[in-house]
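Here's the letter readout for the chains.
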Amino acid sequence: MDRDRILMGVVGRPHGVRGLVRVHSYATVPEDLTAYGTLTDDRGQVWTLRWRGDGIAELRDAAGQAVASREAAQALVNRRLYIARASLPEPDQDEFYFADLIGLAVHEQGGNALGTVLVVHDYGAGVSLEIGGEGRASLILPFTQACFPVIDIAAGRIEVVLPDEVEVQGDLSPEAGEVSPVVGEAS
């Protein structure tokens, strides 16, 4: 994992026919993505970004040439945009960059090793960590203080409290006399 760069955005689908793209910004304030200056993509190309609307941006390459067509914008979809870690402030105590979590050892509070952090997932409804290791199935847990009460970046260790699980048994199909899974359906 490249610890010298921090993922700050991802290029989404084109907007219109003149080369504008949707950009998902990971900055605390999404519009601040432009404040970092140049961005580098996962292929090493350098870009500057200028917002043209809510989540809509114009991208320019290192030579200052704007992406000018829908086809060129389509070729950039899912391109990850990074900044140099040195451009960001050091996180406060009890704060960290998600990139710092990847690879950390994860242990239950009782001491049992669960593996390492493989991926940090953020789909907008809350962050979760995917944990796995040799010969173990992956485990995905919500990234909350209740599940992860101890995160020690310097020691390279995370402690986890596994949530209680609820096991549903029996046939839950409508034919089995259960409530219909369709919301709002009159019975």
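Since we're looking at a predicted model, the values are computed, not measured.

This part takes up the overall build of the protein. Counting secondary structure elements, the protein contains one helix and 12 strands. Within the protein, the proportion of its 187 residues that are buried is 30%. Residue pairs in contact within the protein that sit at least 24 positions apart in sequence constitute 45% of those at least 6 positions apart.

Looking now at unusual backbone geometry. Even without being glycine, asparagine 78 reaches a positive phi, approximately 70 degrees. Structurally, asparagine 78 can be placed in the loop between α1 (70–74) and β6 (80–84). Residue asparagine 78 is classed as exposed on the basis of its relative accessible area, which comes to 55%.

Taken as a whole, this structure holds three aromatic pairs when the rule is applied. Aromatic pair phenylalanine 96 and phenylalanine 143: ring centres 5.9 Å apart, planes at 65 degrees, arrangement edge-to-face. Taken together, the residues phenylalanine 96 in the loop between β6 and β7 (105–108) and phenylalanine 143 in the loop between β10 (139–142) and β11 (150–152) connect sequence positions 47 residues apart. Judged by centre distance (5.6 Å) and plane angle (50 degrees), the ring pair of phenylalanine 143 and phenylalanine 148 falls under tilted.

A separate point is the nonpolar core. Grouped together as the largest cluster of nonpolar side chains are 21 residues, with contacts concentrated most on Val23, Leu33, Leu49, Leu59 and Leu81. The set of elements that each furnish at least two residues to this core consists of β1 (5–15), β2 (20–25), β4 (46–53), β5 (56–61) and β6. If we ignore the near neighbours within four places in the chain, the residues touching leucine 81 are Ile6, Leu7, Met8, Gly9, Val11, Val23, Leu39, Thr40, Asp41, Trp47 and Leu49. Leu104, Leu129, Cys147 and Phe148 belong to the second largest nonpolar core, which has 15 residues in total.

On the secondary structure map, serine 25 appears in strand β2. Accessibility expressed as a relative area gives 10% for serine 25, which makes it buried. A distance of 3.2 Å separates a polar atom in the side chain of serine 25 from the backbone nitrogen of alanine 27. For serine 25, the side chain forms a polar contact with the main-chain oxygen of proline 30, separated by 3.1 Å.

Cut-off values and rules
- Residues numbered from 1 in each chain as written.
- Predicted model: local features only at pLDDT ≥ 70, side-chain atom pairs only at ≥ 80, totals over all residues.
- Heavy atoms only, no water.
- Helix = DSSP H or I, 4+ residues; strand = E, 2+ residues; numbered from the N terminus.
- Buried < 20%, exposed > 50% of the residue type's maximum accessible area, 1.4 Å probe, protein only.
- Contact = heavy atoms within 4.5 Å.
- Phe/Tyr/Trp six-rings, centres within 6.5 Å; stacked < 30°, edge-to-face > 60°.
- Core = buried A, V, L, I, M, F, W, Y, C linked by side-chain atoms within 4.5 Å.
- Polar contact = N/O pair within 3.5 Å; in protein donor to acceptor, adjacent residues only side chain to side chain.

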